[in-house]
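Breakdown of the fold
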Amino acid sequence: MSPTASELDPAELAALLHFYADSGVDWLVEDEPVDRFAQFAEQKAAKAQGRAAPNTSSPSPQDEREAYAGGGDTPQPQRPAPPAPRLTPSSMQQVAIPDGGAVNAARLAADGAGTLSELKTALETFGGCNLKHGARSTVFMAGDPQSRIMVIGPMPNAEDDRDGTPFSGRQGQLLDRMLSAIGLSRETVLLTNIIPWRPPGSRMPSDAELEICRPFLDRQIALAEPRHLLLLGNFPARLFLGDTGTIHSMRGEWREVTAAGLAVSALATLHPQDLLAAPANKALAWQDMLLFKSRISGT
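The notes below deal with the structure included here. Computed from a prediction, not measured in an experiment: that's the story for all the values here. Per chain, the residues get numbers from 1 upward, laid out in the order the sequence is written. A pLDDT threshold of at least 70 governs which residues receive local features in this predicted model, and a stricter bar of 80 or more applies before side-chain atom pairs are shown or counted, although totals over entire chains, interfaces and linings include all residues. Values reported for side chains reflect all heavy atoms of the structure, with hydrogen atoms and water molecules removed beforehand.

**A closer look at the overall build of the protein**
- Helix and strand definitions here come from DSSP, where helices need a minimum of 4 consecutive H or I residues and strands a minimum of 2 consecutive E residues; each element is numbered from the N-terminal end. Each helix and strand in the protein was counted, giving 13 helices and 6 strands.
- Of all 299 residues assigned to the protein, the portion counted as buried reaches 38%.
- Residue contacts are defined here by distance: any two heavy atoms, one from each residue, within 4.5 Å place the two residues in contact. Long-range contacts, defined as pairs at least 24 residues apart, comprise 68% of the intrachain contacts of the protein with a sequence gap of at least 6.
- Accessibility throughout is a Shrake-Rupley quantity obtained with a 1.4 Å probe, and a residue counts as covered only by protein chains that appear here. Entry remark: accessible area of the protein is about 16500 Å², with carbon and sulfur atoms responsible for 54%. Relative accessibility under 20% of the residue-type maximum defines a buried residue, over 50% an exposed one, and the middle range a partly exposed one, all with a 1.4 Å probe and only protein chains included.

Next comes the structure, spelled out in structure tokens:
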């Protein structure tokens, strides 16, 4: 017989919830069956009579989506108030809302690092970003810090978060092949992401979350002193190139940018995930990789 949630310790429960989230589970089975058709009819009748509908069960995902959207005939069900969570030293530290104070704290922590190793420690001990508390791993960087070539992606995916390494899984395998085709490898470049923690559901980070993470990326660039940046996808391209277009309008052209006070040559191309989703784009990425090879080899 499987243990109940109340029988699991916090670490075991967190691991189980991470497993469910990675598997795509976004709604748990009710303890008792609920007749949603009868509930819906009852709520409509209550609305017609101008009184509140009785609500003895939790709302369905469809009910919540309609209520959130502000549409449909179904009034928003009221979920019973959950019991107060048991506070532990670890859970008390997991409340972190992006604000100006957190940005300043991030800047102080990043600027205080004199080496990449110290920066990694500063990032791992920093608790001012809410993204960190929903992620398994702090995904810092991989590869050769002395290469002067930096490959920058947007944020960790589920495989990165699980392994603690940037560009893991299928996306990483495809990136390995892209680099190998022009005589590079993940051991001869520096791989990193703009955001070091996977946002819940791999959503895009908010502007406030980006502002908190940006000092760590800037300090990483300042310490690694790259000459060339390979920007993968819309998010990195827009951030460094100051453009609001799509990756298709920004790719395939060298730009001179200023990053962390350094003058750097940057080239944007499609992210490996873009190529997995639309393999026809591989021809465009190949053109970009040849252009990147020509610049770094001086030909």
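There is more to say, and it comes next.
**Some details on helix 5 (residues 100–111)**
- Expected span of a helix, by definition, is 1.5 Å for each gap between consecutive residues, and there is one gap fewer than residues. When the terminal C-alpha atoms of helix 5 are compared, their 16 Å separation across 12 residues agrees well with the 16 Å that a helix rising 1.5 Å per residue should span.
- Along helix 5, the positions that sit buried rather than exposed are Ala102, Val103, Ala106 and Ala110. Down the axis of helix 5, the buried side of the element spans an arc of 100°, and every buried residue falls inside it.
- On its buried face, helix 5 sits against helix 6 (116–125) and helix 9 (207–224). Each direction from the helix axis to a C-beta atom contributes to the arc, which is the arc of those directions.

**Section: the pairing of strand 2 (residues 149–153)**
- Burial analysis of strand 2 places 5 of its 5 residues in the buried class, which makes it a mostly covered element.
- Both faces of strand 2 are covered, namely the face carrying Ile149, Val151 and Gly153 and the face carrying Met150 and Ile152.
- Each pair of strands is called paired provided DSSP finds at least two bridges between the two strands. Judged from the 4 bridges that link them, strand 2 and strand 4 (residues 228–232) form a sheet pairing that is parallel. Across the sheet, the residue bridging to valine 151 is leucine 230, located in strand 4.
- As defined by bridge partners, strand 2 adjoins strand 3 (residues 190–193) across 4 bridges and the pair is classed as parallel. Of the residues in strand 3, the one forming a bridge with isoleucine 152 is threonine 192.

**Focus: the pattern of salt bridges**
- Salt bridge criterion: a side-chain nitrogen from Lys or Arg within 4 Å of a carboxyl oxygen from Asp or Glu. Following the criterion strictly, the structure yields 8 salt bridges and no others.
- Here lysine 120 ties to glutamate 124 by a salt bridge, and the two come within 2.6 Å at their closest N and O atoms. With lysine 120 and glutamate 124 both in helix 6 and 4 residues apart, this pair spans about one turn of that helix.
- In this structure, aspartate 163 and arginine 162 form a salt bridge, with 3.1 Å as the shortest nitrogen-oxygen distance.
- Taking the relative accessible area as the measure of exposure, aspartate 163 reaches 41% and is therefore partly exposed.

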